[in-house]
Amino acid sequence: QQYMINGAFDFWQEATSFAAIANGTYFADQWEYVKVGSMVHTVSRSANFPGFMSGYSALVDCTTVDAAIAAGDYCAVRQKIEGNVLKTFKGKNLVFAFDVVSPKAGIHCVSFSNSAGTMSIVKEFTVTSANVRERIYVRFNHDVTGAWNYNTSIGMVAYFPLAAGTTFQTTPGTWQ
């Protein structure tokens, strides 16, 4: 069952391209670009690598590299998941499936946190071929020991990190 809103990137009410996108900008409906650092990206709707059951995907193109990522720097694409949705899988084993195309083969990450950022988990996945669409399955248990909202506020945040300084790096696969 689909719990992410606009996971197929069909809806882009503001625009379909964002050159030098600013921190905190929602590009596709429910999808936000966040960053601290000097990296610069253009985000646009792409039909080159259509997603699962969709004609579109989000293309995040790095136009300026942050050559010296400081400890507190980060960059990610994220979606906030409402607590009422989160409570349907409270304490359960979850499978998070998504399509990805990366210019680099190798280990990548996705992470999840509570709304306060006091509980989080990083899950690694491997891109086997550069510039080829791949279906990724990430499995994890929803940890209930932290402060989670199970109401109409933000329950969980899913992050696709593009860069992370040492402040945001941790042991993968463990709720912390």
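Above this text sits the structure in question.
First, a word on what this report is: a plain description of the structure on this page. All values derive from a computational prediction rather than experimental measurement.

Brief notes about the sheet that holds strand E5 (residues 57–64)
Strand order across the open sheet formed by three strands is E1-E4-E5, with antiparallel pairing between neighbours. Edge positions in the sheet fall to strand E1 (17–18) and E5, since each has one partner strand and no second. Two strands pair when backbone bridges link them, and strand E4 (residues 40–46) and E5 are joined in this way by seven bridges, in the antiparallel orientation. Paired with Val 40 across the strands is Thr 64, a residue of E5.

Structural notes on the nonpolar core
In this structure, Phe 27, Phe 96 and Phe 112 are the most contacted members of the largest nonpolar core, which totals 35 residues. What Phe 27 contacts, discounting residues up to four positions off in sequence, is Phe 9, Trp 12, Ala 15, Phe 18, Ile 21, Glu 32, Tyr 33, Val 43, Ala 58 and Val 77.

Concerning the pairing of strand E9 (residues 120–127)
Bridge analysis of strand E8 (residues 106–114) against E9 gives eight bridges, and the strand direction is antiparallel. In the sheet register, Val 110 faces E9, and the bridge partner there is Lys 123.

Points about the sheet that holds strand E6 (residues 74–82)
Strands pair in a sheet through their backbones, by hydrogen bonds, and they do so in one of two ways: parallel or antiparallel. Strand order in the open sheet made by the six strands is E2-E3-E6-E11-E8-E9, with antiparallel pairing throughout. The outermost strands of the open sheet, each flanked by one partner alone, are strand E2 (25–26) and E9. As judged from the two bridges shared by E2 and strand E3 (residues 32–36), these two strands associate in the antiparallel manner. Across the sheet, the residue bridging to Tyr 26 is Glu 32, located in E3.

A look at the pattern of salt bridges
Summed over the entire model, instances satisfying the criterion amount to four salt bridges. Here Glu 32 makes a salt bridge to Arg 78, at a shortest N to O gap of 2.8 Å. Residue Glu 32 is located in strand E3, and its partner Arg 78 is located in strand E6; the two are separated by 46 residues in the primary sequence. Per residue, the accessibility class of Glu 32 equals that of Arg 78, and both read buried. The partner of Arg 133 in a salt bridge is Asp 99, with the nearest N and O atoms 3.1 Å apart. Remark: Asp 99 occurs in strand E7 (residues 93–100) and Arg 133 occurs in the loop between E9 and strand E10 (134–141); sequence separation between them is 34 residues. Using a relative accessible area of 25% as the deciding quantity, one classes Asp 99 as partly exposed. If you follow the salt bridges from partner to partner, you end up with Glu 32, Arg 78 and Lys 80 in one network.

Section: the environment of Asn 84
In this structure, Asn 84 sits in helix H1 (residues 83–86). Considered as a pair, Asn 84 and Glu 14 are 70 residues apart in the sequence and their alpha carbons are 26 Å apart. For Asn 84, the residues in contact, after removing those within four places along its chain, are Tyr 150, Asn 151 and Thr 152. In this structure the side chain of Asn 84 is engaged in a polar contact, spanning 3.1 Å, whose partner is the side chain of Glu 82.

Conventions and cut-offs
- Residues numbered from 1 in each chain as written.
- Predicted model: local features only at pLDDT ≥ 70, side-chain atom pairs only at ≥ 80, totals over all residues.
- Heavy atoms only, no water.
- Pairing = 2+ DSSP bridges.
- Helix = DSSP H or I, 4+ residues; strand = E, 2+ residues; numbered from the N terminus.
- Core = buried A, V, L, I, M, F, W, Y, C linked by side-chain atoms within 4.5 Å.
- Buried < 20%, exposed > 50% of the residue type's maximum accessible area, 1.4 Å probe, protein only.
- Contact = heavy atoms within 4.5 Å.
- Salt bridge = Lys/Arg side-chain N within 4 Å of Asp/Glu carboxyl O.
- Polar contact = N/O pair within 3.5 Å; in protein donor to acceptor, adjacent residues only side chain to side chain.

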